[in-house]
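Structural overview
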Amino acid sequence: MSYAQPSLMPSFTRPESRVAIVRSAGYDRDLAALLFDALREFDLPVTGKKVLLKPNFVEPDPEGIINTHPAVVAAVREAFLRRGAASVRVAEGPGHERDTESIVETIRLREYLGPLQDLFVDLNLDEVHAVDLRTRASRLKRLYFPRTVLEADYIVSLPKLKTHHWAGVTLSLKNMFGIVPGCCYGWPKNVLHWAGIAGSILDINSTVRPDFAIVDGIIGMEGNGPIQGTPKASGVLILGNDAVAVDATCARVMGLAPERIDYLAKAGVLLGHIKPEKIRQLGESIASVITPFAVLPAFQKLIAADGR
Amino acid sequence: MTSGPLHNSYFRDLLITNQNTDGGWGYHPASASSIEATAWALTSLISSRREPPPPDVCARAGDWLLLAQCADGSWPAFPGHPQGCWATSIVARALYLQGGAQKAVESGLHWLINAWPAEGNFWWRLRQSIFPSRVALQDSSLRGWNWTPGTASWVEPTAHALIFLRSLPAPMLSRQAAKRRELAERMLFDRMCPGGGWNSGNPLIYGVAGVPRIGPTAWALMALRDFSERAEVQMSVQWLEGAYGEIHGAASLALANLSLAAYGRPVPPLAPALGEMYSHNRFFANALTIAWAVLALNEEMSGVAPTAEEAATR
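Notes on the structure in this doc start here. The shown structure was predicted, so the numbers you read here are calculated from the model rather than taken from an experiment.

1. Section: unusual backbone geometry
Where the residue is not glycine, phi is negative for most of them; where a peptide bond is considered, it is trans in most cases. At the junction of Trp187 of chain A and Pro188 of chain A, the peptide bond is cis and its omega measures out at 10° in the coordinates. Here Pro188 of chain A lies in the loop between helix 6 (182-185) and helix 7 (190-195). Positive phi is not limited to glycine here, since Arg282 of chain B has a value of about 50°. Among the secondary structure elements, Arg282 of chain B is positioned in the loop between helix 12 (270-281) and helix 13 (287-297). Using a relative accessible area of 45% as the deciding quantity, one classes Arg282 of chain B as partly exposed. Phi at Ala285 of chain B takes a positive value of approximately 55°, unusual for a residue other than glycine. With respect to the helices and strands, Ala285 of chain B occurs in the loop between helix 12 and helix 13.

Here it is in C-alpha cells:
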C-alpha cells in the first residue's frame, strides 16, 4: 500500500530525486509515446501492480483549462500499462462539484478512456477508513481516506500546472486534497481549510504519499487560479519520482521560488527535495522552458528573485 | 444496454434491489451503508405513492437510520463516526415524511437548531475584525449550516436544513428555530452569485463573480420557495433554465427538474434524457443519483419540499 511506505525522511538522508521535463506543444500529439519514453528514465516498480491515477478534476469545464486534460490522463494510463502495470484506474474526489459525472462527461473523459464505470472511481463516495496522520502540521490528527486509495499499490498524482488563490500554487501535493472524501467532509472539504491549508497538504502527503507525479503544463492557469484564472500555455509535462521535487521544478518553470511557497518549503524538510542540487534534471532544462506565470498581488512575494 | 427511455419504475426497482441486508444503502451497490444514501433512498421510495415499494423496504431503512442516530440527536456520515453532520437534516426529514419516529425527529431538530457554524465564534469574529478577508467578501454575520462541526456555513447544507424546517408544521418550530431559519434564508441570498444562481458558497473571489453550479442552485431554490416573487429568486430560476441544456450529469439533471418543477416552470421530459445518460455510464452506480432520479420521475413529487400543510396531511 502506498500509504504504508516510509515517507518521512530527513532531506540529507534522502537519495537524489529525478525530475524530467518533456515538451509537447499540444494535446493532439502522441502523448502516450512521449510519456512511455520519458518513464524509461525511471526505474518504475509497477510491474503487476495496481496503479491509481489521481487527476485534478474540479469543475465541468469544456475548455480544458481548469482540469487535467483527458488526453494526458489517457496517455499516462497507456504508458503505465505498457510499463507492466496490472491495472491502471482513475480516481478523483472533486472539491466543489458533487456531480462528478457531470465533470467527467463534460470533459469527454469517456471518449479518451472508453467506458468508465469500471475504470473511474469517485473518491468522494468511496468506502472510507480512518487513518492516523503521520505528522501534525495542521490541527488534524486523523482523516478518513477512501479504500480505493489505501488499497492502491502505486499512486500517481496527475495535476494541472496552476496558481491558487489560497495556497499560491496547486500542483501534485495540493492535488492530494482530492483524496479526502466529500461523503465525510462535504463540498468543499472545509475541514482542511479550517485546519490550515498548508498544514493539511503536508499531513495528507505524509500519510498517503504519491509515488510518482506527472503535471499537465501543456496549458496551465495563471492569475486567479485554480478556477477563475487565465489559460497559460507552457507546453510541458513535468514528471518525477518525488512529488515535492516535481512541484519545486514546476514552481521554477512558473518563475516562482519554491522555497517561498509555504507548504513546499516545509515539504522539503521531510517529504522530498526542493533544492536544485538534490534534483537530477532530465529532459529539457528549466531555463529552456521557463514561462513566468502571473500571480495575484497577495503572492507577488513568490516570484523568483531573478525576476523571471 | 441501449439508450432511450427506461420504464417508469426502472430506477425505483434498481434502488430496491440495491438495498443492503442491514436495511441501509451504500453510495454504491454492496458498499457499506451510508446515512446520507439511505436517507435519500428512503425519501425517494416513500415518494413513490403510485407504486409503493414493499413495506419492509422502507421499514428496514427507517429502523437502520434510527439505530445510527447519535446520542445528541444528530446523524454522522457513517454509523460509528464520532460527529453529527449535514446528513442530520436529510435523515430527520426522511423519517418525518415516513412517520412514526417523532422523538428521533425532534431530537434531530433540536441538535440542528443548536448547531452553529464556526464563523460565529468569538475568536473568529475577533480575527475577522482585525484582519478582514480580502479574498471572499460576504456577510459572515449571516450564518446557516455547515457540512461538519467546526467549519463554516455553506449553501448546500444550509439549503438541506431549510428544506427540512420547511417540511415541518408550525407547532414543531420553536422561536429559536424560526430565527435560525430567517437568518439562514438571508445567508442564502447573501451568497447568491451576482448574476443569479449559487455555487458552493463563494459568490465573489477577489472581486470576480463566482460561477453558479446546477446542484447548489437547485437546492437553494428549493429551500427558498417561499420567496418566489423576489427578484433574486426569479433571476436564479432563469439562470437554471438557461443552464439546463448544458447539463451532462444525471444528478444535476434530476435536481434541476425538481427545482424548476417546484417553481412551476416547464421542463423537458426527464425519462428519455436519463435513459440516454444511463446508457453511457450507468450513473456510476451512484445511489444518490438513482434516488434523485426516482424523486424527479415521480409525478406525485412536484418538489422535494412540501409545504407545512402538505406535510401535516401525510
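Moving on from the coordinates now.
2. Things to note about empty space enclosed by the protein
Enumeration according to the criterion identifies six cavities of 30 Å³ or more in this entry. Every residue lining the largest cavity is counted, 15 residues in all, and those nearest its centre are Glu97 and Arg98 of chain A together with Glu156, Gly215 and Pro216 of chain B. Elements with a minimum of two residues in the lining of the largest cavity: helix 9 (214-223) and helix 11 (250-262) of chain B. Each residue belonging to the lining of the largest cavity can be placed in one class, and the counts come to seven nonpolar, four polar and four charged.

3. Description of the environment of Thr17 of chain B
By secondary structure assignment, the location of Thr17 of chain B is in helix 1 (residues 10-17). A sequence separation of 189 residues divides Thr17 of chain B from Tyr206 of chain B, and the C-alpha atoms of the two residues are 48 Å apart.

4. Points about the side chain of Thr88 of chain B
Residues and elements named next belong to chain B. Position of Thr88 among the secondary structure elements: in helix 4 (residues 87-98). In this structure Thr88 comes out as buried when scored by relative accessible area, which is 1%. Discounting residues that sit within four places of it in the chain, Thr88 has contacts with Gly73, Ser74, Trp75, Gly108 and Trp111.

5. Points about the pairing of strand 1 (residues 17-23) of chain A
The side chains of a regular strand alternate between the sheet's two faces. Residues and elements named next belong to chain A. With five of its seven residues buried, strand 1 lies for the most part within the structure. In terms of strand pairing, strand 1 meets strand 12 (residues 279-283) through five bridges, oriented parallel. The partner of Ser17 across the bridge, within strand 12, is Ile279.

6. A word on the interface of chain A and chain B
Contacts between the two partners involve 36 residues from chain A and, on the opposite side, 44 residues from chain B. Between chain A and chain B the total buried area reaches about 3,400 Å² when both faces are included, carbon and sulfur atoms providing 58% of it. One can count four salt bridges joining chain A with chain B. The closest approach of N and O atoms between Glu36 of chain B and Arg98 of chain A, which form a salt bridge, is 3.0 Å. Seen at the junction of chain A and chain B, the total is 15 residue pairs in polar contact (both at pLDDT 80 or more). Among the secondary structure elements, those contributing two or more residues to the side of chain A that touches chain B are helix 3 (100-106), helix 6 and helix 7 of chain A. In terms of residue count, helix 3 of chain A provides more of the side of chain A that touches chain B than any other element does, five residues in total.

About the thresholds
- Residues numbered from 1 in each chain as written.
- Chains lettered and ligands numbered in written order.
- Predicted model: local features only at pLDDT ≥ 70, side-chain atom pairs only at ≥ 80, totals over all residues.
- Heavy atoms only, no water.
- Helix = DSSP H or I, 4+ residues; strand = E, 2+ residues; numbered from the N terminus.
- Buried < 20%, exposed > 50% of the residue type's maximum accessible area, 1.4 Å probe, protein only.
- 1 Å grid on protein atoms, 1.4 Å probe; cavity = no way out; pocket = protein on both sides within 12 Å on 5 of 7 lines; lining within 4 Å.
- Points joined across faces, edges and corners; volume = space filled by probe spheres on them.
- Nonpolar A, V, L, I, M, F, W, Y, C, P; charged D, E, K, R; others polar.
- Contact = heavy atoms within 4.5 Å.
- Pairing = 2+ DSSP bridges.
- Buried area = accessible area lost by both parts, 1.4 Å probe.
- Salt bridge = Lys/Arg side-chain N within 4 Å of Asp/Glu carboxyl O.
- Polar contact = N/O pair within 3.5 Å; in protein donor to acceptor, adjacent residues only side chain to side chain.

Read these as layout, nothing more, since geometry by itself doesn't imply function.
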